[in-house]
Structures are given as structure tokens and as C-alpha cells.
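Report on the structure
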Amino acid sequence: MKEAVIEARDISKQYKELAALDRVDITVHQGDIYGLIGDNGAGKSTFLKIVTGQIFPTCGYVRLFGCEDVKTVQKNRSRMGALVENAGFFPKMSVQKNMEYFRIQRGIPGKQKAEEALRTVNLWEKRNVKCEKLSMGMKQRFGLALALLGEPELLVLDEPINGLDPSGIIEMRTLLTKLNQEKRITILLSSHILAELEQIATVYGFLSCGNVLQEISAKELHEKCSDFIDIRVAEPDKYAAILETEIPGTAYRILQDQTVRILNPTLETSGYGNLAFRHGIGVQGLNEHHMSLEDYYVDIRKRGKL
């Protein structure tokens, strides 16, 4: 079993009449790329700020690297790099001078650390450019470089691809995957661009109105979001028996309105229609489906907490 890097237990955050988080339990294991999913106002940024120590929960606790007492948690935050909301920097100063300032401020030894971080995010060639002149994508990469200064074991990133153009999104996605796989950095990130999270996350947590609806691995999610075919036939029981005889091992369910749902189909869609026709079973409808991450999120939001 992998070590739990972050364990949040019973976390609530109350702002006067507003409950930003309500008894949230979230676990991030070593080596995960944990994608925190939720609409604006779901509580994603609030949770990340609690993990990084920017704000305190109304109740509950966060255990970091196996420790939960306040002093040790604060000490363990030195093993974490974070980019929550916008990166803070001095706009009139160059990229390199900003990096050196923050390195000294954080007490990180080794002047080479700034260069290493900038090279990691492919910004070394822009080291003499004033930060105000950076593009949106470069500013996001600069923020990531700041988070990498202390060679963290854990990265906490709030909407790291927000505002990026398509090439910037691809670049950030590739970079995060590389940091996770090559440097073994555990990553907790939030995003509302679910199609991008689907390509890199290994675990998902779904937040809605301050509540965790579900935590699920990418493997489990893939199984739940697998392709399926719905075929509406005149005799669903007879059709199901034919499936079992002619295509052994087929997973299926008989639904209402005479529909047979075929899970993980092995034939082309038309092949299941032809099977019915060959046995004299009338087909009233035949549709191929794939549930995306967005579809899954919308579905569990409708059904509420699992």
C-alpha cells in the first residue's frame, strides 16, 4: 500500500452563513496525480488553501506525510511546492532576479536551484525578461518554477492550465506528467477543464457545494465510462440468450423499454443489429455511447453523494 501524502479528515470551512467545505475527507497517496474536480464555488481553492496552510479549517485536520500535529505539519510543508491562484512576483524584475529573491526569502540553499527550476519548465532562455512581459503560458510556467524551487516531493496546483492556449495546455500537461514520472513528485491539482485532467490524472476527487461526492481511481473510472451499445429489440430476453450463445462472455444488462445494454462491446455496432436480424428479432433502435469524464461528473452530481 502506498504511503498517504495528504490525509484530510472531516474538514469544514465556514464563512459566516456560507459553508465552503462540509466534512471533507480526501486522501492523496504517494505517486498520485490527483485531479480535484468541481464547478466554480465547489470548494476546490478553499481546500487547497487549507492543505498549503494559507487558511485554517473551521474543524477537522490535515495529516501531511503521516503527521498531524500542527508544528510537524507546518515543518512538512517545506516538502511541498504550491501554486494556488496566481503566482506572486515583482513585475518589473527579471525572471531570474525574481527566482533568486524567492530562493533567498525561503532559505533555500544553492544558487543553482533557480537555474535548475527554470530549465525544468523551459524558461531559462527567458531569464532576463521582465516578468510583466511574459505571456500567460510563461507566467504559469514561472509560477510552477517557483513551486519547484525547493525540490518538493508534493506539488499543489490550483487551475494550472487556466487561461492557456491549446499549445500551452499541451506543454503544461507534458511537464506535469514528466515531473510525476521522472522526479516521482506527487501532484494534487484542481481544474474545471475535465478533458485535460482525464489525460493525466491517476485519481479523481469530485467536489460539489463543499461536499466530496466520490474518490475514484482512473482505472475504476475508465471501467465505469467504458463504451457501451444500447439496442432496443422486440424480444430482449431472447436476444440476451442469443448473445450468451453466439458471443460467450458478453457483459450486458436488460433495461426498461426493451433495451439491452452491451458493455465493452467486441463487435462493430452494426454487428449487434445483424445478430438480431439473423434470428428474426426486430430492432427498434441501436445506439453507440461513450461516457466522458464530463458526463460522469454531471451524472454523479445529479445523483448526489455516493
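Scoring rules and cut-offs
Residues numbered from 1 in each chain as written. Predicted model: local features only at pLDDT ≥ 70, side-chain atom pairs only at ≥ 80, totals over all residues. Heavy atoms only, no water. Helix = DSSP H or I, 4+ residues; strand = E, 2+ residues; numbered from the N terminus. Buried < 20%, exposed > 50% of the residue type's maximum accessible area, 1.4 Å probe, protein only. Contact = heavy atoms within 4.5 Å. Areas by Shrake-Rupley, 256 points an atom, 1.4 Å probe, with all protein chains shown as cover. Lys, Arg positive; Asp, Glu negative; His and termini not counted. Charge placed at Lys NZ, Arg CZ, Asp CG, Glu CD. Pairing = 2+ DSSP bridges. Axes fitted to C-alpha atoms, helices over the stretch in contact; angles between N-to-C directions. Parallel < 35°, antiparallel > 145°, perpendicular 65-115°, else oblique. Left-handed = near helix turned anticlockwise from the far one by under 90°. Nonpolar A, V, L, I, M, F, W, Y, C, P; charged D, E, K, R; others polar. Phe/Tyr/Trp six-rings, centres within 6.5 Å; stacked < 30°, edge-to-face > 60°.

**Observations concerning the overall build of the protein**
Per the secondary structure count, the protein includes 11 helices and 13 strands. Here the C-alpha coordinates of the protein stretch approximately 80 × 45 × 35 Å along the principal axes. Taking all 306 residues of the protein together, the buried fraction comes to 47%. Contacts spanning at least 24 positions in sequence make up 69% of the contacts within the protein whose residues lie at least 6 apart. Surface summary for the protein: the accessible area is close to 15900 Å², and the carbon and sulfur share equals 49%. Distance between charge centroids for the protein: 9 Å, based on 40 positive and 40 negative side chains.

**A short note on the pairing of strand β10 (residues 228-233)**
Each regular strand carries side chains that alternate between the two faces of the sheet. Here β10 lies mainly inside the structure; five of its six residues are buried. Sheet topology places β10 next to strand β12 (residues 259-263); five bridges connect them, and they run antiparallel. Bridge pairing in β12 links Asp 230 to Arg 261. In this sheet, strand β13 (residues 283-289) lies alongside β10 in antiparallel orientation, the contact comprising six bridges. Opposite Phe 228, over in β13, you have His 289 as the bridge partner.

**Examining the packing of helix α3 (residues 95-105) against helix α5 (residues 136-147)**
The relative placement of two packed helices comes down to the angle between their axes together with the axis-to-axis distance. Two numbers describe how α3 lies on α5: the axes approach to 10 Å, and their chain directions differ by 30 degrees. With respect to α5, the axis of α3 lies roughly parallel. Crossing geometry of α3 relative to α5 is assigned as right-handed. Judged by residue contacts, Val 95, Asn 98, Met 99 and Phe 102 of α3 engage Phe 142, Ala 145 and Leu 146 from α5. Its residues assigned to classes, the contact of α3 with α5 comprises six nonpolar, one polar and no charged.

**Here's the deal with unusual backbone geometry**
You will see that Gln 258, though not glycine, has its phi angle at about 60 degrees, which is positive. Here Gln 258 is to be found in the loop between β11 (251-254) and β12. A relative accessible area of 36% means that Gln 258 is categorised as partly exposed. The backbone of Asn 264 sits at a positive phi, close to 50 degrees, despite the residue not being glycine.

**Quick notes on the sheet that holds β11**
The strands making up a sheet are joined through hydrogen bonds of the backbone, oriented either antiparallel or parallel. Reading across the sheet, the four strands line up as β11-β12-β10-β13 and stay open at both edges, with antiparallel pairing between neighbours. On the outer flanks of this sheet lie β11 and β13, each paired with one strand and no other. Taking each pair of neighbouring strands and ignoring which way they run, the sheet shows an average axis angle of 15 degrees. Relative to the sheet, helix α9 (residues 236-246) contacts β10, β11 and β12, its axis offset from that of β11 by approximately 170 degrees.

**Concerning α3**
Every buried residue of α3 is accounted for by Val 95, Asn 98, Met 99, Glu 100, Phe 102 and Arg 103. Looking one or two residues past α3, Gly 107 carries a phi angle of roughly 70 degrees, positive in sign.

**Quick notes on the packing of aromatic side chains**
Within this structure, the stated rule accounts for seven aromatic pairs. Between Phe 90 and Tyr 101, the aromatic rings sit 4.9 Å apart at their centres with planes inclined by 90 degrees, giving edge-to-face as the arrangement. Highlighted residues: Phe 90 in the loop between β5 (80-83) and α3 and Tyr 101 in helix α3, separated in sequence by 11 residues. According to the relative accessible area criterion, Tyr 101 is partly exposed, its value standing at 36%.

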